[in-house]
Amino acid sequence: MVGVGRAPDVLPHHLGAGGDPEHLGVVDVVQGADGLDRRLARGRRGEREREGEGSEEREQQTAPHRARSLAPGGRVGAMGGPERLTHLDASFLYLERPGMPMHVGGVSVLDPSTRPDGRLPFEEVRRTLAARIHLAPRLRQRVLEVPLGLARPVWVDDERFDLDYHLRRAALPAPGGRAELADAVGRALSQPLDRTRPLWELHVFEGLEGGLAAVLLKVHHAMADGISVMRVAQAMFDLEPEPRRPAEPEPWRPTPPPSPGALVRDAVLEGLADPADALRRAALAPRVAAAGVAGVLAGAIRILGMGPPPRGPFDAPVGTGRRFAMADAPFERFRAIERALGGTVNDVVLTVVAGAIHDLLRARREPTRGRTLRVMVPVSLRARDERDLVGNRIAPAFVDVPVGPMSPRRRHAAVRRAAAHLRGTALGADAVLGLGALAPPVLLAAAARLVSRGRWFNVVVSNVPAPQVPVYLCGARLLASYPAMPLAENVALSIGCTSLAGTMAFGLTGDRDAMRDLDRLALAIEEQVEALAKAAGV
């Protein structure tokens, strides 16, 4: 539906935004050379170029926490043991506590009118996932800890894997609009994932107004980042209303997990091998080693030079409950603003969010004049040859954005100047984070928890580029995908957005107690998009 002077709403307009609520890789076998994988890859490359994330710099970067392949039976190093979590992936496990679950997610709103029966039965979703789950082997693997914490955990096949345990079905209360969906998503996000099983859930919501349907894919951050969640879509989604039929896989036979003794032996051998390997690499490539040290020093200086963040409105202890809210606008509107004002799509996103926070602070009667907030922006550092790798390949970047009273054009210009060195701060942080690969797991866990308690930023804003092509789940057309982000220990708000299928969809995740007005912020984001578009003359 289209409201007066507003962008098309994905969910019915009269319900507004509000309520209570980065990923996996799949092997590159989905539809052959001309199929879904290649077309999605082309779309992602185009979006990266438009959103200021060129590939040349990314290709030049290397790091000791490089992600691992998602191919079945992945092995790591020369020890021949199960695939070990990278230090960054493991950090997300170490960060988790009852009040801070570390899962990410995406809420996909679907229109089943493209199906012959005009509905999306839960049983059809289950059949599709059961037929394609072999395309994402990590979905049938769990985390296994190493005795005494001698090394980072490993991924092993879950011998008692039960697909139905990971599928959840819920009917929304009437009228089944945006508020009811957001409330259901918020409650689902409040529950941590079961660490004894594969770290994911798929929630199917029925009873949406207008005959729509929705699914929430909830995945632990230890499994994936924002870019790689898009990869699991290649296992679940199609480019045509007619679902494809993947080749019948071989019967799945889980590999038995290693014994505690084998885990300890591999951990000791890896500990002995890694320093020797590091010395060998340094001897063979002293200039590379020196550049790595310089990168760490430059990164530390750059981050520390920013000083502590200002006191912010979302600085609050985070509890167990979550709220979720949604906002959206046509992606083409963001492109038009970018063309008119310059900069990148990410500059437009940060400008819109900063303006919305200004509106929220005014509604709260908080001072705004001359005020800035520090935004943490997760930046993907994946090179082209890392497209098919699972796990996390991200680094935090920091930018101070103005939230005081000013015109939309002036705010955009200020954000554009502040964000000019965004990727440079991410590369510096990446160099610092790379030191974690050399830390023993016990120290890595302690460092992760210590860092999480510090004040580094005021809010998270993550923009995940996505292809502009129609996609379908079981024949139902995807209208929008709203990201769900984890919260930091003392930061009560995270905002994610993605432009999949032509809609720039914002997912706002907030602490249930600290962000009671989250729906107001979501509405302000949509209003700020319109205000900036008007100021840009588009």
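Look above for the structure.
Residues numbered from 1 in each chain as written. Predicted model: local features only at pLDDT ≥ 70, side-chain atom pairs only at ≥ 80, totals over all residues. Heavy atoms only, no water.

**Side note on the packing of helix α12 (residues 408-418) against helix α15 (residues 518-536)**
Okay, so step 1: Between α12 and α15, the shortest axis-to-axis distance is 8 Å and the interhelical angle comes to 95 degrees. By the angle class used here, α12 and α15 are roughly perpendicular. Counting all contacts with α12, which are made through Pro-408, Arg-409 and His-412, the residues of α15 involved are Ala-531, Leu-532, Ala-535 and Ala-536.
Okay, so step 2: Looking at the contact of α12 with α15 residue by residue, the class counts come to five nonpolar, one polar and one charged. (Axes fitted to C-alpha atoms, helices over the stretch in contact; angles between N-to-C directions. Helix = DSSP H or I, 4+ residues; strand = E, 2+ residues; numbered from the N terminus. Parallel < 35°, antiparallel > 145°, perpendicular 65-115°, else oblique. Contact = heavy atoms within 4.5 Å. Nonpolar A, V, L, I, M, F, W, Y, C, P; charged D, E, K, R; others polar.)

**Focus: the nonpolar core**
Inside soluble globular proteins, nonpolar side chains tend to come together where they are buried.
Okay, so step 1: Ranked by size, the top nonpolar core spans 48 residues in total, and within it Phe-334, Val-349, Phe-506, Leu-508 and Leu-521 carry the most contacts.
Okay, so step 2: For this core, the element with the highest residue contribution is helix α11 (residues 345-363), accounting for 11 residues.
Okay, so step 3: Contact partners of Leu-521, with chain neighbours within four places excluded, come to Ala-356, Ile-357, Leu-360, Leu-493, Ile-495 and Leu-508.
Okay, so step 4: Grouped together as the second largest cluster of nonpolar side chains are 46 residues, Ile-133, Val-204, Met-223 and Leu-478 included. (Core = buried A, V, L, I, M, F, W, Y, C linked by side-chain atoms within 4.5 Å. Buried < 20%, exposed > 50% of the residue type's maximum accessible area, 1.4 Å probe, protein only.)

**What to know about the packing of aromatic side chains**
Okay, so step 1: For the structure on display, the rule yields three aromatic pairs.
Okay, so step 2: Relative to Trp-252, the ring of Phe-161 has its centre 6.3 Å away and its plane inclined at 75 degrees; by these criteria the two rings are edge-to-face. Of this pair, Phe-161 sits in the loop between β4 (154-157) and α5 (163-166) while Trp-252 sits in the loop between α7 (226-236) and α8 (260-284); the two residues are 91 residues apart in sequence, bridging distant segments of the chain.
Okay, so step 3: Judged by relative accessible area, Trp-252 falls into the partly exposed class, the value being 32%.
Okay, so step 4: Both rings, one in Phe-398 and one in Phe-457, keep their centres 6.3 Å apart while their planes meet at 35 degrees; by these two values the pair is tilted. With Phe-398 in strand β11 (residues 394-402) and Phe-457 in the loop between α14 (441-452) and β12 (459-464), this pair connects stretches of sequence that are 59 residues apart.
Okay, so step 5: Under the relative-accessibility criterion, Phe-398 is labelled buried at 11%.
Okay, so step 6: We classify Phe-457 as buried; its relative accessible area is 13%.
Okay, so step 7: Over the ring of Tyr-165 we find Arg-168; its NZ or CZ atom is 5.2 Å from the centre of that ring.
Okay, so step 8: Lying over the aromatic face of Tyr-165, Arg-197 brings its terminal NZ or CZ to 4.0 Å of the ring centre. (Phe/Tyr/Trp six-rings, centres within 6.5 Å; stacked < 30°, edge-to-face > 60°. Lys NZ or Arg CZ within 6 Å of the ring centre and 35° of its normal.)

**Here's the deal with the pattern of salt bridges**
Okay, so step 1: By the definition in use, this model includes 27 salt bridges.
Okay, so step 2: With a closest N to O distance of 2.7 Å, Glu-96 and Arg-195 form a salt bridge. Here Arg-195 lies in the loop between α6 (178-189) and β6 (200-206) and Glu-96 lies in the loop between α3 (87-95) and β2 (103-111), a separation of 99 residues in the sequence.
Okay, so step 3: Judged by its relative accessible area of 33%, Arg-195 is partly exposed.
Okay, so step 4: A salt bridge links Arg-132 to Asp-238, with the shortest nitrogen-to-oxygen separation between them at 3.2 Å. Residue Arg-132 is located in helix α4 (residues 122-132), and its partner Asp-238 is located in the loop between α7 and α8; the two are separated by 106 residues in the primary sequence.
Okay, so step 5: Among the residues examined, Arg-132 registers a relative accessible area of 3% and is labelled buried.
Okay, so step 6: A relative accessible area of 3% places Asp-238 in the buried class. (Salt bridge = Lys/Arg side-chain N within 4 Å of Asp/Glu carboxyl O.)

**Considerations on α11**
Okay, so step 1: The first and last C-alpha atoms of α11 sit 27 Å apart over 19 residues, in line with the 27 Å expected at 1.5 Å per residue.
Okay, so step 2: In terms of burial, α11 is largely enclosed, as 17 of its 19 residues are buried.
Okay, so step 3: At the N-terminal end of α11, a side-chain oxygen is found 3.3 Å from the backbone nitrogen of Asn-346, two or three residues along, and the residue is Thr-344.
Okay, so step 4: Note on α11: the residue one or two positions beyond its end, Arg-365, has a positive phi of about 60 degrees. (Expected span 1.5 Å × (residues − 1). Polar contact = N/O pair within 3.5 Å; in protein donor to acceptor, adjacent residues only side chain to side chain.)

**Description of α3**
Okay, so step 1: For α3, a buried count of nine out of nine residues is recorded, marking the element as mostly surrounded by other parts of the structure.
Okay, so step 2: Among the residues of α3, those classed as buried are His-87, Leu-88, Asp-89, Ala-90, Ser-91, Phe-92, Leu-93, Tyr-94 and Leu-95.
Okay, so step 3: A side-chain oxygen of the first residue of α3 lies 3.1 Å from the backbone nitrogen of Asp-89; this N-cap is Thr-86.

**Details of the environment of Arg-169**
Okay, so step 1: If you trace the backbone, Arg-169 turns up in strand β5 (residues 167-171).
Okay, so step 2: For Arg-169, a relative accessible area of 48% gives the class partly exposed.
Okay, so step 3: Placed 33 residues apart in sequence, Arg-169 and Leu-202 show a C-alpha to C-alpha distance of 8.6 Å.
Okay, so step 4: Other than its neighbours up to four places away in sequence, Arg-169 contacts Phe-122, Glu-123, Val-204 and Glu-206.
Okay, so step 5: One polar contact links Arg-169 to Glu-123, side chain to side chain, over a distance of 3.4 Å.
Okay, so step 6: Among the polar contacts listed, one links the side chain of Arg-169 to the side chain of Glu-206, at a separation of 3.1 Å.

**A short note on the side chain of Thr-128**
Okay, so step 1: Secondary-structure assignment places Thr-128 in helix α4.
Okay, so step 2: Classification of Thr-128 by relative accessible area gives buried; the value is 12%.
Okay, so step 3: Look past the residues within four positions of Thr-128 in its chain and what remains in contact with it is Met-236 and Cys-474.

**Quick word on the side chain of Ser-494**
Okay, so step 1: Structurally, the position occupied by Ser-494 is in strand β15 (residues 493-498).
Okay, so step 2: At 2.8 Å, the side chain of Ser-494 and the backbone oxygen of Pro-486 are in polar contact.

**Comments concerning the sheet that holds strand β13 (residues 472-473)**
Okay, so step 1: The strand order across the open sheet built from six strands is β5-β6-β7-β2-β14-β13, with neighbouring strands paired in mixed fashion. Looking along the sheet, the strands with just one partner apiece sit at the ends: β5 and β13.
Okay, so step 2: Strand direction decides the pairing type here: β13 and strand β14 (residues 476-484), joined by two bridges, are antiparallel. From the neighbouring strand, Leu-473 faces β14, where its bridge partner is Ala-476.
Okay, so step 3: Set on the sheet, α6 makes contact with β2, β6, β7 (213-220) and β14; between it and β7 the angle comes to about 20 degrees. (Pairing = 2+ DSSP bridges.)

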